[in-house]
Amino acid sequence: MTAPSLRYPENLAAESNDWVLFEFFKYESAFSSSSASTTPSTTDQGQEFLDSYNSVKTSDSSLSSIALYMPPELAAAYAGNWGGRDFSPLGATALGAAAPLLNGDPKAAGDAVKKRLDSMKGGLFPYMAAEGIKTAMNGIPGFGGNVQANDVLASTMGKILNPNTEVLYSGPNLRTFGLTFKMTARSSAESTAIKSIITTFKKAMLPTAGNGAQLMVNVPNIVQVTFMNKQNKNPWVTQFKQCAIGSVNVNYTPDGVWSTFRDGAPTAVTLQLQFLELKVLYSNEIDDTNGY
């Protein structure tokens, strides 16, 4: 953790025990040849994976670290992707055999299929017949088109196939969060600091043009956002892993009117920042030590 060289307000430490630290790093490819190995070397393979996965390869950035006051609004959101999927009767039968088959027990898989087919019995013929009629009608001009098996069953029997809907988990969402700071300069030194802070965030979120820039540019810097209490992480506030800066928005007229000092520096500026966490968060990382 580096001592911040840019801060707002100027006497931040005297005004509040709680503040936000921003540290910037150069990001290197997660799958470069020098990245950490994911081969487990201990009996705790879950922890081995997390240690390797969370090890973002970085190097020091030339950008100054920043300290800002705790914003008036601070929230953390956790979300996952769940969605309903429909399986046909035969599809559900196949999935019923999938678990024992994947576990290397073909006999149990066959028994599961037989049991499922036996339970379908009388309903199997209408299902197969409806599939055949659907295929025939869609292949003959003048008989409709885009007919589904449920259309055949609903129009002839007043029934439809059981959709066999299951809600399935497809993965976690990366966490995003935003921070908004209103900075009002009370001295020429604070005006200079505000300008430098805004410049630093803009430089951090944009790619860099280097050698061969006509073909490729360098990935923007990443940032470690840490919510602090005095000189330590605040244990009561959700912390985040290293983040990409999604956007930097600057409003030079936060009070609805253009107002400057004699040298042209705005009297007040609102800085809005959006962040995207680089790594997925796992349940076994949630504890009082990490603060996630």
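The present account deals with the structure reproduced in this document. Worth saying up front: this structure is predicted, and the values here are computed from it rather than measured. (Residues numbered from 1 in each chain as written. Predicted model: local features only at pLDDT ≥ 70, side-chain atom pairs only at ≥ 80, totals over all residues. Heavy atoms only, no water.)

### Regarding the pattern of salt bridges
Two side chains carrying opposite charge are able to pair once their charged atoms lie near each other. Using the following cut-off: For this document, the term salt bridge refers to a Lys or Arg side-chain nitrogen within 4 Å of an Asp or Glu carboxyl oxygen. Only protein chains enter the accessibility calculation, which uses a 1.4 Å probe. A residue is then buried if its area is under 20% of the maximum for its type, exposed if over 50%, and partly exposed in between. Comment: elements are numbered from the N terminus, with helices defined as DSSP H or I runs of at least four residues and strands as E runs of at least two.
Across all of its chains, the model carries 5 salt bridges by this definition. In this structure, the salt-bridge partner of E190 is R186, at a minimum N-O distance of 3.1 Å. Judged by relative accessible area, which is 52%, R186 ranks as exposed. For the salt bridge of K241 with E285, the shortest nitrogen-to-oxygen distance reads 3.0 Å. In this pair, K241 is assigned in the loop between β9 (232–233) and β10 (243–251) and E285 in the segment after β11 (268–277), connecting sequence segments 44 residues apart. Given the relative accessible area of 6%, K241 is considered buried. In this structure E285 comes out as buried when scored by relative accessible area, which is 4%. Among the charged side chains, a network of salt bridges with common partners joins E15, R186 and E190.

### Comments concerning a nonpolar patch on the surface
Stated precisely, the cut-off is as follows: Like-charged residues within 9 Å of one another, or nonpolar side chains (Val, Leu, Ile, Met, Phe, Trp, Tyr) within 5 Å, are grouped into patches, provided each residue has over 30% relative accessible area and no salt bridge. Here the accessible surface of atoms and residues is derived via Shrake-Rupley with a 1.4 Å probe, and residues count as covered only by protein chains that are part of the display.
On the surface, W82, V167 and Y169 cluster together into a nonpolar patch covering about 380 Å² of accessible area. You can see W82 is positioned in strand β5 (residues 80–85). On the accessibility criterion, W82 (60% relative accessible area) is exposed.

### Here's the deal with the nonpolar core
Spelled out, the test is: Buried Ala, Val, Leu, Ile, Met, Phe, Trp, Tyr and Cys residues that are joined via side-chain atoms within 4.5 Å together make up what is termed a nonpolar core. In what follows, a contact means two residues having at least one pair of non-hydrogen atoms within 4.5 Å.
Within the largest apolar cluster, 36 residues are counted, with the highest numbers of intra-cluster contacts made by F22, F24, L68, F201, V225 and F275. Every element with two or more residues in this core is listed here: β1 (6–8), β2 (18–27), β4 (66–69), β7 (176–184), α7 (188–205), β8 (222–229), β10 and β11. In contact with V225, not counting residues within four places along its chain, are V20, L21, F22, F177, L179, Q239, F240 and F275. In terms of nonpolar packing, the next biggest core, distinct from the first, is built from 7 residues, Y127, A130, V152 and L161 among them.

### Notes on the pairing of β11
What counts is decided by this rule: By definition, two strands form a pair when at least two bridges between them are found by DSSP.
The element β11 is largely enclosed, with a buried count of 7 among its 10 residues. Bridging between β7 and β11 involves 9 bridges; their strand directions are antiparallel. Its bridge partner being in β11, F181 is matched across the sheet by L271. Direction of pairing for β10 relative to β11: antiparallel, over a ladder of 8 bridges. Counted as the bridge partner of N251 is T270 from β11.

### Looking at the environment of K241
Threshold: Any N or O atom pair separated by 3.5 Å or less is treated as a polar contact, with the protein-specific requirement of one donor-capable and one acceptor-capable atom, and with residues adjacent in sequence counted only for side-chain atom pairs.
Each C-alpha atom of the pair K241 and L278 lies 7.0 Å from the other, and the pair is 37 residues apart in sequence. When sequence neighbours within four positions are dropped, the list of residues in contact with K241 reads N54, R175, Q224, E277, K279, V280, L281, E285 and Y292. Separated by 2.7 Å, the side chain of K241 and the backbone oxygen of V280 make a polar contact. At 3.0 Å, the side chain of K241 and the side chain of E285 are in polar contact.

### As for the pairing of β4
The side-chain alternation of β4 yields two buried faces, one formed by I66 and L68 and the other by A67 and Y69. Direction of pairing for β1 relative to β4: parallel, over a ladder of 3 bridges. Bridge pairing in β4 places L6 opposite I66. Here 4 bridges tie β2 to β4, and the two strands are oriented antiparallel to one another. Across the sheet, the residue bridging to L21 is A67, located in β4.

### Let's talk about unusual backbone geometry
In the segment running from Y8 into P9, the intervening peptide bond is cis, with an omega of -5°. As for its placement among the helices and strands, P9 is situated in the loop between β1 and α1 (12–15). Look at K230: it is not a glycine, yet its phi comes out positive at around 55°. Relative to the helices and strands, K230 is located in the loop between β8 and β9.

### Concerning the packing of aromatic side chains
Going by this rule: Stacked, tilted and edge-to-face are the three classes assigned to paired rings of Phe, Tyr and Trp, where Trp is represented by its six-membered ring and a pair needs centres within 6.5 Å; plane angles under 30 degrees give stacked, over 60 edge-to-face, the rest tilted.
For the coordinates displayed, the defined rule picks out 13 aromatic pairs. Ring geometry for Y8 versus Y69: centroids 6.2 Å apart, planes at 65°, classification edge-to-face. Taken together, the positions of Y8 in strand β1 and Y69 in strand β4 put the pair 61 residues apart, joining distant regions of the chain. For Y8, a relative accessible area of 7% gives the class buried. With centroids separated by 3.9 Å and ring planes inclined at 15°, the aromatic side chains of F177 and F240 adopt a geometry described as stacked. Within this pair, whereas F177 is found in strand β7, its partner F240 is found in the loop between β9 and β10, the two being separated by 63 residues in sequence.

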